[in-house]
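Letter by letter, the chains look like this.
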Amino acid sequence: PHITTHTLAERMQQRAQFWEKSLFATGGKLNFKKCYWYLIQWKWDEDGQPSLKTSTEAPADLALTYGGSSHSTTICRKEPNEALKTLGFWSAPTGQQKTQLSETKTTLHHIAKNIHATPMTHLEGRLLIPVYLHSKLRYIFAATS
């Protein structure tokens, strides 16, 4: 069955509001400024290749209230190809990894610059790689393809 964009957004809003109320009831609070959402809705081109619809192709809003308030706040919607840092690495629903690659290059450049500026013996430099560098990158490389 075909589900409309409006229906998807409505269901997401109901579920998100349920979790906000549950969190509020137990003494917690969502920081709406840190919240965001993606709409995952497929489209197919003439060749049958799937891709995710953008917010222009599938417009929708998601607004939540806090606790017992009747004032709603619109939650920021991200595009499917827009990567955000979550659990230590950059990911996007489309699977694009350009952002993660760019961030990793920046991090490695910063580390190399600091290593170059630090006086150390050859042995200390060799010890630094497995201790610091491998531990810094192991999770990122395992979490991305």
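Now for a look at the structure at hand. (Residues numbered from 1 in each chain as written. Predicted model: local features only at pLDDT ≥ 70, side-chain atom pairs only at ≥ 80, totals over all residues. Heavy atoms only, no water.)

**Some remarks on unusual backbone geometry**
- Phi is positive for L87, which is not a glycine, with a value near 55 degrees.
- Following the sequence through the fold, L87 ends up in the loop between β7 (84-86) and β8 (89-91). (Helix = DSSP H or I, 4+ residues; strand = E, 2+ residues; numbered from the N terminus.)

**Brief notes about helix α2 (residues 98-117)**
- Relative to the 28 Å expected for 20 residues at 1.5 Å per residue, α2 spans 29 Å between its end C-alpha atoms, a close match to the ideal helical length.
- Taken together, the buried positions of α2 are occupied by Q100, T104 and I111. For α2, the buried positions fall inside an angular range of 30 degrees around the axis, keeping them on one side. In α2, the exposed positions that point more than 90 degrees away from the buried face belong to K98, K105, H109, K113, H116 and A117.
- In this structure, the buried side of α2 is in contact with β8 and α3 (122-143). (Expected span 1.5 Å × (residues − 1). Buried < 20%, exposed > 50% of the residue type's maximum accessible area, 1.4 Å probe, protein only. Arc of directions from axis to C-beta. Contact = heavy atoms within 4.5 Å.)

**Observations regarding a nonpolar patch on the surface**
- A grouping of I40, W42 and W44 is seen on the molecular surface, where their side chains present a nonpolar patch of about 370 Å² in accessible area.
- Its place among the elements puts W42 in strand β2 (residues 42-44). (Patch = residues over 30% accessible without salt bridge, like charges linked within 9 Å, V, L, I, M, F, W, Y side chains within 5 Å. Areas by Shrake-Rupley, 256 points an atom, 1.4 Å probe, with all protein chains shown as cover. Salt bridge = Lys/Arg side-chain N within 4 Å of Asp/Glu carboxyl O.)

**Side note on the pattern of salt bridges**
- One pass over the structure, following the stated rule, counts three salt bridges.
- Here E20 makes a salt bridge to K21, at a shortest N to O gap of 3.9 Å.
- Two residues, K78 and E82, come together in a salt bridge whose shortest N-O distance is 3.6 Å.
- When its relative accessible area of 31% is taken as the criterion, E82 is described as partly exposed.

**Focus on the nonpolar core**
- Within the largest apolar cluster, 10 residues are counted, these being A9, F32, C35, W37, L39, A58, A60, L62, L64 and I75.
- Beyond its immediate stretch of four places on either side in the chain, L39 contacts T5, L8, M12, K53, A58, R77 and P80. (Core = buried A, V, L, I, M, F, W, Y, C linked by side-chain atoms within 4.5 Å.)

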